[in-house]
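# Descriptive structure summary
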Amino acid sequence: MGKIGLTTTVPVEVIYAAGEIPVDLNNIFITGSDAMNRVEEAELAGFPRSVCGWIKGLYSTALQHPEIRRIIAVTQGDCSNTHALMETWEVEGIEIIPFAFPYDRDSDMIRLQMDKLITSLGAAWDGVSQQKRRLDQVRALAWEIDRLTWEENRVSGFENHLYQVSCSDFNGDPEGFAREMEEFIGKARQREPLSEKGRFSGRKKAREVRLGFIGVPPIFPELYDFVESHGARVVYNEVQRQFTMPFQTNDVVEQYRLYTYPYQVFQRIDDISREAEQRQLDGIIHYTQSFCYRQIEDLIIRKKLDYPILTLEGENPTGLDARSKMRIESFLSMLED
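Residues numbered from 1 in each chain as written. Predicted model: local features only at pLDDT ≥ 70, side-chain atom pairs only at ≥ 80, totals over all residues. Heavy atoms only, no water.

### As for the overall build of the protein
- A tally of helices and strands in the protein yields 15 helices and ten strands.
- Expected size for 337 residues packed as a compact globule is a radius of gyration near 20 Å; at 20 Å, the protein falls within 12% of this value.
- Its C-alpha atoms give the protein principal-axis dimensions of roughly 60 × 45 × 35 Å.
- When burial is assessed residue by residue, the protein has 58% of its 337 residues classed as buried.
- Nonlocal contacts in the protein, meaning residues at least 24 apart in sequence, comprise 72% of its contacts between residues at least 6 apart.
- Element-wise, carbon and sulfur atoms account for 48% of the exposed surface of the protein, whose accessible area totals about 14,500 Å².
- Here the protein contributes 39 positive and 53 negative side-chain charges, whose respective centroids are spaced 4 Å apart. (Helix = DSSP H or I, 4+ residues; strand = E, 2+ residues; numbered from the N terminus. Rg over C-alpha atoms; globule rule 2.2 N^0.38 Å. Buried < 20%, exposed > 50% of the residue type's maximum accessible area, 1.4 Å probe, protein only. Contact = heavy atoms within 4.5 Å. Areas by Shrake-Rupley, 256 points an atom, 1.4 Å probe, with all protein chains shown as cover. Lys, Arg positive; Asp, Glu negative; His and termini not counted. Charge placed at Lys NZ, Arg CZ, Asp CG, Glu CD.)

### A look at the nonpolar core
- With 91 residues, the main nonpolar core has I72, W89 and L211 as its most contacted residues.
- Counting residues per element, this core draws most heavily on helix α7 (residues 125-150), which supplies seven residues.
- Look past the residues within four positions of L211 in its chain and what remains in contact with it is V227, A232, R233, V234, V235, Y236, L281, G283, I285, F331, L332 and L335.
- Within the second largest apolar cluster, 13 residues are counted, among which are V235, Y236, A276 and I309. (Core = buried A, V, L, I, M, F, W, Y, C linked by side-chain atoms within 4.5 Å.)

### Things to note about the packing of helix α4 (residues 53-63) against helix α5 (residues 82-91)
- Between α4 and α5, whose axes approach to 11 Å, the crossing angle comes to 20°. As far as their axial angle goes, α5 and α4 are roughly parallel. Taken as a pair, α4 and α5 cross one another with a handedness that is right-handed. Of α5, the residues touching α4 (which contributes I55, L58, Y59, A62 and L63) are T82, L85, T88 and W89.
- Taken together, the residues that form the contact of α4 with α5 break down as seven nonpolar, two polar and no charged. (Axes fitted to C-alpha atoms, helices over the stretch in contact; angles between N-to-C directions. Parallel < 35°, antiparallel > 145°, perpendicular 65-115°, else oblique. Left-handed = near helix turned anticlockwise from the far one by under 90°. Nonpolar A, V, L, I, M, F, W, Y, C, P; charged D, E, K, R; others polar.)

### Looking at the environment of P22
- Inspection of the secondary structure assignment puts P22 in strand β2 (residues 21-24).
- Of the residues examined, P22 reaches a relative accessible area of 1% and is grouped as buried.
- Put simply, P22 and A322 are 300 residues apart on the chain and 37 Å apart in space, counted from C-alpha to C-alpha.
- Contact partners of P22, with chain neighbours within four places excluded, come to I4, L6, V12, I15, Y16, D169 and G172.

### Concerning α5
- Burial in α5 covers these residues: T82, L85, M86 and W89. On an axial view of α5, the arc spanned by its buried residues comes to 105°, and they lie on one face. Those residues of α5 that are exposed and angled more than 90 degrees off the buried face are E87 and V91.
- The elements touched by buried residues of α5 are α2 (25-30), α4, β3 (68-76) and β4 (95-100).
- One or two positions beyond α5, positive phi appears at G93, with a value near 90°. (Arc of directions from axis to C-beta.)

### Details of the packing of helix α13 (residues 265-278) against helix α14 (residues 297-304)
- Running from N to C, α13 and α14 point in directions that differ by 40°, and their axes come no closer than 11 Å. Put simply, α13 runs oblique to α14. Here α13 and α14 pass one another in a crossing that is right-handed. For the pair formed by α13 and α14, the contact residues are V265, F266, R268 and I269 on the first element and E297, I300, I301 and K304 on the second.

### Quick notes on empty space enclosed by the protein
- Scanning the entire structure with this criterion turns up one cavity of 30 Å³ or more.
- Approximately 70 Å³ is the volume attributed to the largest cavity.
- Considering the residues around the largest cavity, the lining is formed by G215, V216, V239, Y261, R268, H286, Y287, T288, Q289, C292, R294 and E297.
- Looking at which element gives the most residues to the lining of the largest cavity, the answer is strand β9 (residues 283-289), with four residues.
- Taken together, the residues of the lining of the largest cavity sort by class into five nonpolar, four polar and three charged. (1 Å grid on protein atoms, 1.4 Å probe; cavity = no way out; pocket = protein on both sides within 12 Å on 5 of 7 lines; lining within 4 Å. Points joined across faces, edges and corners; volume = space filled by probe spheres on them.)

See the structure below:
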């Protein structure tokens, strides 16, 4: 069993069906104690400053893990800088396996891309279907953590983020990850509802501010604790939830067609609207990464979503800056009023 790096969520069932171990490079980059060093290493290697911090972090993180000699890179449906990133890795002797999500969500094209990936890794469709059944049992635990977040208020926004984002690769060990989530769920069910502890500016509130977090996962995860320290809580993580494939379907191709992140923003907006209503959101934080084309989508999101929206921009894993903290405080104060 070898390790295969990922630049974002892909049909991970194929990797497990091939007897390989997926490793989401984003997760090991951002959870490392030296994440900012990875960004600086990429800049020293020649990456421009005006390139997304995630791209630079992924480049250096892959080189820091010599056991990863193959990477599945998403060439359509994710960052447009991935094309050049793939080429810089190839120069370093890493084998690149491209995968593309079709813009129009065409089922035949998705099946074709999966078929090419299956052939490349030496898997088979029967094995992929078997792995879907295996992984859906693990995903169900992440869905329960999500429910405990918004319905019972027993899970924090960061915990929700962490377990859902980890479903991109299941930490390379689905059964081990399942045991970890089962233990967490058991403890979470014993907690007092977090909403009863909400405070804002030193005053006990009747109800905490309920927020949605949309956009790519933040490059500074401490955002969640900062929000909670001011009497609000994130009860919906849009893209992270999509990583758990929260769809009722037995068809693995249909599963990746329903997955909203790689396609048009309008499918994402429909999903956000449904979840915002169900979770009774008071406002939304839209996180955008510096130098990312998805910043343009903020214009559409603001036109289509009838909720107060705070747009936050992040660049590097250096923590929340003073300006962002002040803007969050002002946004929460506005929602409280």
